[in-house]
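Spelled out, the chains give:
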Amino acid sequence: MQLIPAISDADGPDPRPYAYSLKPDEELKLRKKILALAANEVQARAAQLTAESQTGSRPSSPAGTKAKPPQPSFDEVEFHAFDLSNSNEPVLVVTAKARMPARPNAAGADVQYIITLVTREDMYGDLHKVFSSITDSQHFDVLARMELIDAVDADGDGRGELLFRQVSDAGSAFILYRVIGDRLWPLFQSAPGQ
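Here's the deal with the sheet that holds strand β4 (residues 127-136)
- Taken in spatial order, the four strands make up an open sheet running β1-β2-β3-β4, and their pairing is antiparallel. Only two strands of the sheet have a single partner each, and these edge strands are β1 (73-82) and β4. Between one strand and the next, the sheet's axes are offset by a mean angle of 15 degrees, whatever the strand orientation.
- When β1 meets strand β2 (residues 91-99), the two strands line up antiparallel, connected through eight bridges. In the sheet register, Phe74 faces β2, and the bridge partner there is Ala98.
- Here helix α1 (residues 24-53) sits on the sheet and contacts β1, β2, β3 (112-121) and β4; the angle it forms with β3, its principal contact strand, is near 130 degrees.

This is how it looks when you write it as structure tokens:
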């Protein structure tokens with residue numbers, strides 16, 4: 001099912017696209033960067049789940065060595081680039097499902113992660129995390145997943161906001177965020193089921 005936002009104010013702002021145009025090689029480069037950040041988020045969540053499943057004992061590396069964490073594999077990746085303030089500064093959003101590679105005797109080896117990551121690119125080409133939402137197949141009951149709907153101008157000021165649908169066991173809700181600096185500021189949140 002695809003959700004499409006609509007503005008009911010007939011005298012609202014002139015519609016304009018918030019999509020940020022990228023050349024194919026630029027898109028590939030930014031996609032690779034944001035997926036590397038998403039991999040860090042998934043690795044951190046996997047480490048947290050592993051720590052929670054162990055009863056006080058943590059596996060350790062031999063003295064002086066630090067094992068490189070395994071890389072997750074991503075499926076159903078959706079990458080979006082937006083210019084929300086008409087300033088030619090892209091805001092990137094990626095949503096994806098991920099799995100960590102199976103390891104013998106590892107707790108949670110068949111866990112699926114769902115991540116939504118919002119970043120901003122600075123003038124040097126570095127990405128900065130603005131927002132991250134990650135849940136997993138073992139915790140859908142307590143950690144909602146976030147689905148990007150689109151960028152919209154909800155208040156008619158010419159700036160775009162990000163509209164998400166939050167899905168949990170309690171139902172779904174819509175949340176509208178404005179990107180300010182390196183943070184998402186909630187402007188509106190509906191009650192679940194509305």
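Let's pick the thread back up.
Structural notes on the sheet that holds strand β7 (residues 171-180)
- The four strands are arranged β5-β6-β7-β8 in an open sheet whose pairing can be described as antiparallel. One side of each edge strand has no neighbouring strand; the edge strands of this open sheet are β5 (145-152) and β8 (183-189). Each neighbouring strand pair of the sheet contributes to a mean axis angle of 35 degrees, computed without reference to strand direction.
- In this sheet, β8 lies alongside β7 in antiparallel orientation, the contact comprising six bridges. By the bridge assignment, Val179 is partnered in β8 with Leu184.

Side note on the packing of aromatic side chains
- One pass over the full model with this rule turns up three aromatic pairs.
- With centroids separated by 5.6 Å and ring planes inclined at 40 degrees, the aromatic side chains of Phe131 and Tyr177 adopt a geometry described as tilted. Here the residue Phe131 occupies a position in strand β4, and Tyr177 occupies one in strand β7, the gap between them amounting to 46 residues. By the burial criterion, Phe131 is buried, and Tyr177 matches it.

As for the pairing of β3
- For β3, the buried fraction is high: eight of the 10 residues fall into the buried class.
- In the sheet, β2 pairs with β3 via nine bridges, with the strands oriented antiparallel. Within β3, the position partnered with Leu92 by the bridge is Thr119.
- Remark: five residues form the turn of the hairpin made by β3 and β4, two consecutive strands paired antiparallel; Gly125 in that turn has positive phi of roughly 90 degrees.

Digging into the pattern of salt bridges
- All chains considered together, the criterion is met by nine salt bridges.
- Note that Lys97 is salt-bridged to Glu76, the shortest N-O span being 3.5 Å. With a gap of 21 residues between them, Lys97 in strand β2 and Glu76 in strand β1 connect regions that are remote in the sequence.
- Look at Lys97 and you get partly exposed, because its relative accessible area is 26%.
- Glu76 sits in the exposed class, given a relative accessible area of 57%.
- One salt bridge in this structure joins Arg178 and Glu161, with 2.5 Å as the shortest N-O distance. Note that Arg178 is positioned in strand β7 and Glu161 in strand β6 (residues 161-168), a separation of 17 residues in sequence.
- By relative accessible area, Arg178 is classed as buried at 14%.

Describing the nonpolar core
- Of all hydrophobic cores here, the largest spans 20 residues; its most connected members are Ile34, Val42, Leu92, Tyr113 and Ile115.
- Elements supplying a minimum of two residues to this core: α1, β1, β2, β3 and β4.
- The dominant element in this core, judged by the number of residues it contributes, is α1, at seven residues.
- Within the second largest apolar cluster, 17 residues are counted, among which are Tyr18, Val118, Phe131 and Leu162.

Cut-off values and rules
- For every chain, the first residue of the written sequence is number 1, and numbering continues from 1 onward in sequence order.
- Confidence filtering applies because this is a predicted model: local features only for residues at pLDDT of at least 70, side-chain atom pairs given and counted only at 80 or more, and all residues used for totals across whole chains, interfaces and linings.
- Side-chain measures were taken over the full set of non-hydrogen atoms in the model, leaving aside hydrogen atoms and water.
- In this description, strands pair whenever DSSP reports at least two bridges between them.
- Each helix corresponds to a stretch of at least 4 residues labelled H or I by DSSP, and each strand to a stretch of at least 2 residues labelled E; elements are numbered beginning at the N terminus.
- Comment: axis = line fitted to C-alpha atoms, over the contacting stretch for helices; angle = value between 0 and 180 degrees taken between N-to-C directions.
- Contacts are assigned to residue pairs that have any heavy atoms within 4.5 Å of one another.
- Between the rings of Phe, Tyr and Trp (Trp by its six-membered ring), a pair exists once the centres lie within 6.5 Å; its type follows the angle of the planes, with under 30 degrees stacked, over 60 edge-to-face, and the other angles tilted.
- Three labels apply to residues, based on accessible area from a 1.4 Å probe with only protein chains included: buried if under 20% of the type maximum, exposed if over 50%, partly exposed otherwise in between.
- In the sections that follow, a salt bridge refers to a side-chain nitrogen of Lys or Arg positioned within 4 Å of a carboxyl oxygen of Asp or Glu.
- The nonpolar core is taken to be a set of buried Ala, Val, Leu, Ile, Met, Phe, Trp, Tyr and Cys residues, with the residues joined through side-chain atoms within 4.5 Å.

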